[in-house]
Structure formats: C-alpha cells, structure tokens
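# A closer look at the structure
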Amino acid sequence: MSSFWSSESSRTFVVAEIGQNHQGSLSTAKQMIKAAKECGADCVKFQRSNLAEKFTVSALARPYTGPNSWGRTYGEHKAWLEFSSDEYRELQRFATDHNIVFTASAMDAASFRELEEQLRVPFIKIGSGDADNVPLLRYAANRTIPLIISTGMLDWDQVCSIYTHFRHRKDVALLHCVSSYPTPPGDIMLRMIPLLRAHFPELTIGYSGHELGIQHSVASVALGAKIVERHFTLDKAWKGTDHQASLNPAEFGRMVRCIRAIENDVPIDASALIDRLREVLQGEDLDEPELLAALKEIDPHHRQLLECERPCYNKLGKSLVYASDLNCGTVLTESNVQVKVSEPKGLSPRLYDSVVGRTVKCAVFKDDPILMQHF
C-alpha cells in the first residue's frame with residue numbers, strides 16, 4: 001500500500017505537474033514548488049529524461065525552430081529544459097524544506113533507475129508515452145517503488161495489459177488520461193474513472209487532466225478518482241506547449257479547495273454530480289454543457305488512440321529501435337532492442353515479444369527503427 005494514495009482513502013492525492021514549465025530555470029522551478037505548496041498541492045512532479053535513452057539520434061537532430069523552441073534542434077531544445085542530477089537534488093531539498101512531496105516521471109529506463117537508485121524519490125510516474133513500453137513496464141513491475149501510470153493514447157487492450165503487469169501490487173495507481181493539450185470536452189470521457197475502478201479493483205484509480213479549467217478535475221473526484229494530477233504554471237503566456245492546458249496558481253488553489261469539499265462524498269451518478277458541482281464551484285468555473293459532454297456514456301472500446309491525441313502520438317509516441325549495429329542473419333535478443341522516440345517511427349513497443357527472437361535479413365544500424373520488412 002502506498003503511503004500517499006489508496007483506493008480506500010478519503011483524501012485525494014493532488015499532484016502539481018511542473019513538468020518542464022520551469023523553462024529550464026532552477027529559480028523558476030523553486031518558485032513553482034513554493035507556489036504549488038501554497039495552492040494546497042500534496043506533490044510536485046517534474047519530468048526526468050536521459051536524452052540519448054529516450055530519443056534516437058535522428059529524432060534529436062531534427063530542426064525545431066518554432067516559437068516554443070529553446071534550441072535549433074529538438075535535442076538542443078530538450079537539453080535546455082533538463083536539470084542535472086545535482087540540480088534535482090537541490091530541488092528535492094527545497095521541496096522537503098517546504099513540506100511537499102517531490103518526484104518525477106521517468107521518461108526512459110535510465111531515468112527510472114536514476115530516480116529510484118540515486119535520487120530515491122518516494123514514487124515514480126510512468127507517463128502515457130511509456131504506458132506501452134513493454135520492457136520498462138516489466139522492469140518496473142518487479143521493483144518495489146510505488147508507481148503511478150497514465151493511460152493516454154492507449155486502447156483498452158493495452159490498459160488491460162498494464163493491469164496484468166501490476167495486479168499483484170497494492171501500491172500502483174492507474175490514471176485515466178487523454179493526451180491532448182487542451183483536451184476537447186467531448187473527448188474527456190470522465191466515466192472512464194468508474195469503469196477503471198470496476199475492472200481493476202486492485203489498483204488505485206486517478207485522473208490526469210489536460211483540459212481547460214477545473215470543473216472536470218473536480219468531477220473526477222466525485223466519480224471516484226483518488227489522485228488528481230494537473231499541469232501547473234505561473235503564467236499561461238510563457239513560452240512552451242504545455243502552459244495553455246496548465247492551471248495557474250489561482251485556478252489550482254480553487255481546484256484544491258473544491259476537491260477537499262467533495263472528496264469525502266460517496267461517488268455519485270452523473271445526474272446528481274452536476275447538482276453537487278453547482279454547490280462547490282464558483283460560477284466562472286462551471287460550464288454545464290461542457291461538463292455534460294465530458295460525462296457522456298462510454299464503454300471500454302471508447303478507450304483507444306483518439307484523433308485529438310494524434311499530434312502527441314506523432315511527436316512523442318515511441319517505437320522499437322535497434323540498440324546497436326547488427327549484421328545480416330543476427331537473431332534479435334532483448335539486448336538488441338530498445339524503445340525510443342524515433343524519426344521515422346518503427347514498430348509499436350507492444351510488439352516487443354514478437355520481435356525478440358526474429359532474424360534480421362539485412363544489415364541494420366543503431367537507432368534505426370525496427371520494421372517488419374527487416375525479417
């Protein structure tokens with residue numbers, strides 16, 4: 001059982017996802033930690049990447065010169081936004097001094113090991129981009145560190161696959177998530193939360209929201225979410241792609257107050273939910289047509305890669321790639337196969353087991369995407 005969340009707890013664990021909204025500035029990151037604590041967040045979460053482990057060389061080399069770029073290439077941009085291990089330790093100490101939990105998403109296997117073994121965070125988040133990363137999920141399933149796993153961009157079979165990896169664990173949480181920034185109300189599918197609770201009773205169910213406003217995140221708690229994660233920013237006008245779908249301190253503070261007002265309620269049905277939200281939300285935070293759109297009836301087949309998620313998938317969805325140069329006739333072992341963001345894309349990571357053991361019929365090179373025509 002995690003000491004931070006459980007399916008039986010009456011208290012919702014609220015995570016302020018700082019991610020990379022700190023603009024690569026340590027002092028801004030500290031300001032954000034302090035502000036998140038003042039807003040009532042239980043935890044601040046960053047994103048940890050080992051760029052060479054997360055991206056292929058070609059993905060890092062692609063030009064990235066838009067208005068949100070911090071470098072000429074995507075690699076330079078990402079490097080600008082990464083903190084060193086020593087800087088992470090400094091942020092950890094700062095969070096401890098301000099009595100707020102500090103952790104990060106592991107964006108690749110090397111970062112998972114660093115967070116667990118060196119930074120010793122209390123739990124690790126596996127984001128939607130790695131929720132089909134078979135080798136990483138297997139590795140994580142056999143560790144003892146508590147985990148939160150998001151389910152954006154997945155189909156229902158993949159969500160069930162995550163469950164098979166972690167059903168033996170009492171300290172794992174599964175977050176309903178739609179990887180669209182911001183998420184259109186009709187795609188939010190809040191009823192996925194009671195559906196996940198019913199299908200996966202061993203896991204704690206939560207919600208990671210990317211919509212505008214706070215009403216859907218508050219509603220998720222009334223539907224049974226025990227964790228709520230929202231991106232956090234000090235200024236939505238700042239440079240970067242995540243700020244628009246983030247909450248500023250005033251919004252985040254209102255969300256936490258509303259969550260605390262309803263978290264002890266028994267989960268209720270959709271019709272009673274709107275009446276309850278009228279009681280706790282301020283007028284500016286309630287939009288009933290958008291709420292009704294998010295509360296539409298769904299069943300498991302609605303959890304699929306949505307059209308609104310395709311931009312995120314195209315940018316950050318991972319592929320199977322070769323871990324080294326290999327000669328024609330090589331039989332692939334696990335050590336020959338990695339999962340990375342690749343340009344162009346290769347086979348889906350969910351095909352990992354069907355690729356290991358295959359014989360390549362041509363010479364292949366490190367970081368090349370694995371394709372069916374290679375066998």
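Just so you know, these numbers come straight off a predicted model, no measurement behind them.

Turning our attention to the layout of surface pockets. If you add up the space inside the largest pocket, you get close to 840 Å³. As for the largest pocket, its lining consists of 44 residues, of which Gln47, Tyr181, Asp242, Cys312 and Leu316 are closest to the centre. Residue composition of the lining of the largest pocket, grouped by class: 14 nonpolar, 19 polar and eleven charged. As for the second largest pocket, its lining consists of 17 residues, and the residues nearest its centre are Ala109, Arg113, Pro135, Leu136 and Val337. Those elements that place two or more of their residues in the lining of the second largest pocket are helix H6 (109–118), helix H7 (134–141) and strand E10 (337–341). Split into classes, the residues belonging to the lining of the second largest pocket amount to eight nonpolar, two polar and seven charged. Residue contributions to the lining of the second largest pocket reach at least three from each of two domains, namely domain 1 (13–302) and domain 2 (318–374).

Counting buried positions over the five residues of strand E9 (residues 318–322) gives five, a clear majority of the element. Burial along E9 is two-sided: Lys318, Leu320 and Tyr322 facing one way and Ser319 and Val321 facing the other are all buried. Both E9 and E10 contribute to a ladder of five bridges, which runs antiparallel. Bridging from a neighbouring strand, Ser319 pairs with Lys340 of E10.

Here the focus is the domain arrangement of the chain. The domain architecture assigned to the chain consists of domain 1 (13–302) and domain 2 (318–374). When each unit is reduced to the centre of its C-alpha atoms, the spacing between domain 1 and domain 2 is 30 Å. Every contact between the two is made by 20 residues of domain 1 and, on the other side, 14 residues of domain 2. Across the domain 1/domain 2 interface, buried area totals approximately 1400 Å², and carbon plus sulfur atoms make up 46% of it.

The next thing to look at is the pattern of salt bridges. By the definition in use, this model includes 29 salt bridges. In this structure, Arg48 engages Glu114 in a salt bridge whose closest nitrogen and oxygen atoms are separated by 2.9 Å. In this pair, Arg48 sits in strand E2 (residues 43–48) while Glu114 sits in helix H6, placing the two residues 66 residues apart along the sequence. In this structure, Glu116 and Arg143 form a salt bridge, with 3.1 Å as the shortest nitrogen-oxygen distance. With a gap of 27 residues between them, Glu116 in helix H6 and Arg143 in the loop between H7 and strand E5 (147–150) connect regions that are remote in the sequence. The exposure class assigned to Arg143 is partly exposed, which follows from its relative accessible area of 30%. Taken together, the shared-partner salt bridges in this structure form one network comprising Arg11, Asp42, Arg260 and Glu263.

Moving on: the UniProt feature "domain: AFP-like" (unreviewed entry) in the chain. With numbering aligned to this structure, UniProt lists the feature "domain: AFP-like" (unreviewed entry) at residues 319–375. The span residues 319–375 carries 7% helix and 16% strand; its end-to-end C-alpha distance comes to 17 Å.

With that settled, consider the side chain of Glu116. Judged by its relative accessible area of 14%, Glu116 is buried. Of the polar contacts made by the side chain of Glu116, one reaches the side chain of Arg143; its length is 3.1 Å. Excluding its chain neighbours within four sequence positions, the residues that come into contact with Glu116 are Ile124, Tyr139, Arg143, Thr144 and Ile145.

Ranked by size, the top nonpolar core spans 84 residues in total, and within it Phe46, Phe166 and Phe252 carry the most contacts. Every residue in contact with Phe252, bar those within four places of it in the chain, is listed here: Val14, Val15, Ala16, Cys39, Ala41, Arg230, Phe232 and Leu247. Listed in part, the 14 residues of the second largest apolar core include Tyr322, Val337, Val364 and Phe375.

Scoring rules and cut-offs
- Residues numbered from 1 in each chain as written.
- Predicted model: local features only at pLDDT ≥ 70, side-chain atom pairs only at ≥ 80, totals over all residues.
- Heavy atoms only, no water.
- 1 Å grid on protein atoms, 1.4 Å probe; cavity = no way out; pocket = protein on both sides within 12 Å on 5 of 7 lines; lining within 4 Å.
- Points joined across faces, edges and corners; volume = space filled by probe spheres on them.
- Nonpolar A, V, L, I, M, F, W, Y, C, P; charged D, E, K, R; others polar.
- Helix = DSSP H or I, 4+ residues; strand = E, 2+ residues; numbered from the N terminus.
- Domains from an automatic or database assignment.
- Buried < 20%, exposed > 50% of the residue type's maximum accessible area, 1.4 Å probe, protein only.
- Pairing = 2+ DSSP bridges.
- Contact = heavy atoms within 4.5 Å.
- Buried area = accessible area lost by both parts, 1.4 Å probe.
- Salt bridge = Lys/Arg side-chain N within 4 Å of Asp/Glu carboxyl O.
- UniProt positions renumbered as here; feature names shortened; annotations may be inferred.
- Polar contact = N/O pair within 3.5 Å; in protein donor to acceptor, adjacent residues only side chain to side chain.
- Core = buried A, V, L, I, M, F, W, Y, C linked by side-chain atoms within 4.5 Å.

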